[in-house]
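In case you want the letters, here they are:
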Amino acid sequence: MIRVGVVGASGLAGGELIRLIVQHPELELTFLGGSSSAGKRPSQLHPGLRLDFGGLTVEPVGEDPAELAERCDAVFLATPAPVSAELAGRLADRVPCVLDLSGAFRIRTPELHDRWYPKVRRRSDLADRFVYGVPELVGEELAGASLISLPGCYATAITLGLAPLVLELGLDLKTVVVDGKSGSSGGGLQLRTADLHPLRNGAIAPYAPVGHRHAAEVGDFFERGKPGHVQSLTMSAYGVSHVRGLLASAYVFTDDEVDARTLQRTYLRFYKGHRFVRVRRNTETLIPVPDPQAVLGSNYCDVTVEHDPDGGRIVVLAALDNMVKGAAGQAVQALNKRFALPEETGLTMQPVMPA
């Protein structure tokens, strides 16, 4: 059994990690870390988790990581970016594998990191050591990795949506405009006036109409020696009244010649053998897809590509559950690859619909 710990156990991502870990046949939950929730049982923090957990309660993470290293083969950091940056500096080279779900190490370029995460001070020597990316695209790098940074939920959907264009067809994407809509769980458990039910329910709230750090994260990833090129990627993000799920709609403009048949065949070929990315036709089912409700509770990302010759654009749609494929699920998927397990281990749950 692989012994794992979760720091940030009281948060939404932490609770989702606990849920997935206890269902995983090869993982043993041996540590729960937190500060304000210290001393509490998982069932007190997450009402859906009514298990004994071997008597585990949330503990503070001490200054000396030696004890944590003795208890864990891998530690998930489901903590805010400033906390993850500090903890990673203490746990690196002590714990065999650290997996960070925050934005602390997602953007490798120092200047870009400082722009989007000005309050996150990280060790400069660690930034280049973290393996970053969705497991479908960086799987070989995850094998044996000691430091892993998981993409943000939007970044996961956008990257999976654009990857065949950049990595397979090698297109020069002059402009990519992303329209993103996500549920309230993407904001975590921080209480803000705009998130109160009377204001949030039924709303379409443009909380980031002219910029989003996940777009910068995607651009930074595609700049790392990839065959194609993304010249400009911008994003507008909206909060909707769903709790889980997001849809990223990418409108791609390129001077390269391409047609609908080539696009469809390329996407099917690129993701053949990647069971968690489902390439779908928009009209193949009862409801138009991708739709977040068709992936809720699962580790799937549904992707559709369309050619719009009249508008001179390619339209790529990607939907996922931001709590699973966009966070805890792909973190477990990365752990599976790190420890040479079949990547679907513990992640075979099908979507729950209607939800």
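Just above, that's the structure.
Focus on unusual backbone geometry
Cis geometry marks the peptide bond from Val289 to Pro290; its omega dihedral reads 5 degrees. Mapped onto the elements of the fold, Pro290 is located in the loop between strand S12 (277–279) and strand S13 (301–308). For the bond running from Met353 to Pro354, omega is 0 degrees, close enough to zero to count as cis. Relative to the elements of secondary structure, Pro354 occurs in the segment after helix H12 (324–338). With a phi angle near 70 degrees, Asp93 is a residue other than glycine that sits in the positive phi range. On the basis of relative accessible area, Asp93 is assigned to the exposed category, the value being 59%.

Observations concerning the nonpolar core
Residues Leu17, Phe76 and Leu165 are the most contacted members of the largest nonpolar core, which totals 83 residues. Ranked by residue count, the leading element in this core is helix H8 (residues 153–168), at 10 residues. In this structure Leu17 touches Val6, Phe76, Ala78, Leu101, Ala328, Ala331 and Val332, once residues within four positions along its chain are discounted. Counting 24 residues, the second-largest nonpolar core is a separate cluster that includes Phe31, Ala69, Leu87 and Phe105.

Some thoughts on the side chain of Arg106
Tracing the chain through its elements places Arg106 in the loop between strand S4 (97–100) and helix H5 (110–116). Separated by 2.6 Å, the side chain of Arg106 and the backbone oxygen of Leu101 make a polar contact. Polar side-chain contacts of Arg106 include one of 3.0 Å to the backbone oxygen of Ser102. Here Arg106 is in contact with Leu101, Tyr117, Tyr132, Ser149, Leu150, Pro151, Gly152, His214, Glu217, Asp220 and Arg224, once residues within four sequence places are set aside.

Parameters at a glance
- Residues numbered from 1 in each chain as written.
- Predicted model: local features only at pLDDT ≥ 70, side-chain atom pairs only at ≥ 80, totals over all residues.
- Heavy atoms only, no water.
- Helix = DSSP H or I, 4+ residues; strand = E, 2+ residues; numbered from the N terminus.
- Buried < 20%, exposed > 50% of the residue type's maximum accessible area, 1.4 Å probe, protein only.
- Core = buried A, V, L, I, M, F, W, Y, C linked by side-chain atoms within 4.5 Å.
- Contact = heavy atoms within 4.5 Å.
- Polar contact = N/O pair within 3.5 Å; in protein donor to acceptor, adjacent residues only side chain to side chain.

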